[in-house]
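A look at the structure
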Amino acid sequence: MNIHNNFTKKQAVEKIASFPTVRPRRLRTSPQIRAMVRETRLDPGDLIYPLFVTHGTGVKTEISSMPGVFNLSPDMLAEEIHSIAELDIPAVVLFGIPATKDPIGLENFSEDGIIQQATRMIKKYNPEMVVITDVCLCEYTDHGHCGILNVGEHKRPNVHLPEGYVLNDETLEILTKVAISHAAAGADIVAPSGMMDGMVVAIRAGLDSVGYEHLPILSYSTKYASGFYGPFREAAQGAPKSGDRRSHQMDPANIREALRETALDVAEGADMLMVKPALAYLDVIRAVHESFSELPLVAYNVSGEYSMLKAAAAQGWLDEERVALEILTGIRRAGADMIITYHAKDAARWLQNA
Ligand code: PBG
């Protein structure tokens, strides 16, 4: 005889799943029990730290809108990489400030470019530190745009396109050169961030053609035209001289388009995906995570998200440690496997001391 005959699971649920029998607070009684039932964990190993590298020696200039974040010259990287590794943060993403800018950003793919120098330095100091390089034109072009513009000598002949339009396929050729140049300097992962159509397939083909078929591509697959990049543009000196980036970065109102962009990048061979920014786009992180769960997903907790919290904390309005960890946990909970964040070092320290 089935002893459950008169007490089915459904009845059990109906019977006991309510107060006063059920009390969720029981699992919140002690820090130990709370830790046992914690669903989302944050670990320094999930974090990626952005670094801004600039020419010169002995340079360590704080970015005024990003307290605690610096422009560093290559010689200053030894100490920085040491402290990042000590905190068990596995990777950095590099942004470079070139010595000179021009219409196509020549330093971006020069053997002695700032990123190439910095990458070689970091791999010399610590071969295990994963070096991710940002592959885009905006920091390197004199006009500050992410690609070659439809103006002057670069104007596409016999085609009606707006003056100053960012030329897609012409830009892909440069991006490919940049990725190959970063790979040759020792980068472990290249991360195209310009939202050009076909950027992943172009870079993949370029890398493969010269023997870098093993090098992963982290695609900024869903990148919005966001006001939250403001402080970054001060840090990397990459603000557009005129106009904006809405002809290539996504409209903040769109989520179906995020899935389309992601599907295209997956088809083109992206190894890792990204959603950027993070905080105002947690639903997008969740949607990409659910639809493309087979690929690692990175979220970029961008400059403006960092600066907002720094400013409020400086006023004494928010508890920086508590809120930063809450934000990072929220981004992980939404579905991100890894987070690029300017809070990486602080967060790792707080987690170690917790
Ligand atoms: C492009 C790039 C940008 C950021 C990362 N890569 C700037 C932009 O698209 O305008 C922004 C990151 C941040 O705000 O922290 N090279």
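The present account deals with the structure reproduced in this document. Just so it is clear, the structure is predicted and the values come from calculations on it, not from any experiment. (Residues numbered from 1 in each chain as written. Predicted model: local features only at pLDDT ≥ 70, side-chain atom pairs only at ≥ 80, totals over all residues. Heavy atoms only, no water.)

In this section: the site of the ligand. Looking at the ligand, there are 19 residues lining it, with Lys 223, Arg 233, Arg 245, Lys 276 and Tyr 342 nearest. In this structure, a nitrogen atom belonging to the ligand sits 2.9 Å away from a side-chain N or O atom of Asp 134. Contact between the ligand and Gln 249: an oxygen atom at 3.0 Å from a side-chain N or O atom of the residue. Surface burial for the ligand is 100%, taken as the share of its 400 Å² of free accessible area covered by protein chains. Grouping the constituent residues of the shell around the ligand by class yields 10 nonpolar, three polar and six charged. (Near = heavy atom within 4 Å. Polar contact = N/O pair within 3.5 Å; in protein donor to acceptor, adjacent residues only side chain to side chain. Areas by Shrake-Rupley, 256 points an atom, 1.4 Å probe, with all protein chains shown as cover. Nonpolar A, V, L, I, M, F, W, Y, C, P; charged D, E, K, R; others polar.)

Quick look at the pattern of salt bridges now. Within the structure shown, the criterion is met by 12 salt bridges. In this structure, the salt-bridge partner of Lys 345 is Glu 80, at a minimum N-O distance of 2.9 Å. Pair noted here: Lys 345 is in helix H12 (residues 344-353) and Glu 80 is in helix H3 (residues 77-86), with a separation of 265 residues, a long-range link. Accessibility classification places Lys 345 together with Glu 80 in one group, the buried group. Put simply, Arg 156 and Glu 170 hold a salt bridge, and the shortest N to O gap is 2.8 Å. Of this pair, Arg 156 sits in the loop between strand E6 (148-149) and strand E7 (166-167) while Glu 170 is found in helix H5 (residues 168-185), placing the two residues 14 residues apart along the sequence. (Salt bridge = Lys/Arg side-chain N within 4 Å of Asp/Glu carboxyl O. Helix = DSSP H or I, 4+ residues; strand = E, 2+ residues; numbered from the N terminus. Buried < 20%, exposed > 50% of the residue type's maximum accessible area, 1.4 Å probe, protein only.)

It is at 10 Å that the axes of H3 and helix H4 (residues 114-125) come closest, and there the two elements cross at 55°. Taken as axis vectors, H3 and H4 run oblique relative to one another. In this structure, H3 crosses over H4, and the sense of that crossing is right-handed. Counting all contacts with H3, which are made through Leu 77, Ala 78 and Ile 81, the residues of H4 involved are Ala 118, Ile 122 and Tyr 125. Classifying every residue of the contact of H3 with H4 gives six nonpolar, no polar and no charged. (Axes fitted to C-alpha atoms, helices over the stretch in contact; angles between N-to-C directions. Parallel < 35°, antiparallel > 145°, perpendicular 65-115°, else oblique. Left-handed = near helix turned anticlockwise from the far one by under 90°. Contact = heavy atoms within 4.5 Å.)

Moving on: the state of the cysteines. Enumeration according to the criterion identifies zero disulfides in this entry. In this structure Cys 136 is a free cysteine whose sulfur lies 3.8 Å from that of Cys 146, the closest cysteine sulfur available. On the accessibility criterion, Cys 136 (1% relative accessible area) is buried. (Disulfide = S-S within 2.5 Å.)

Purely spatial values, then, with no claim about function.
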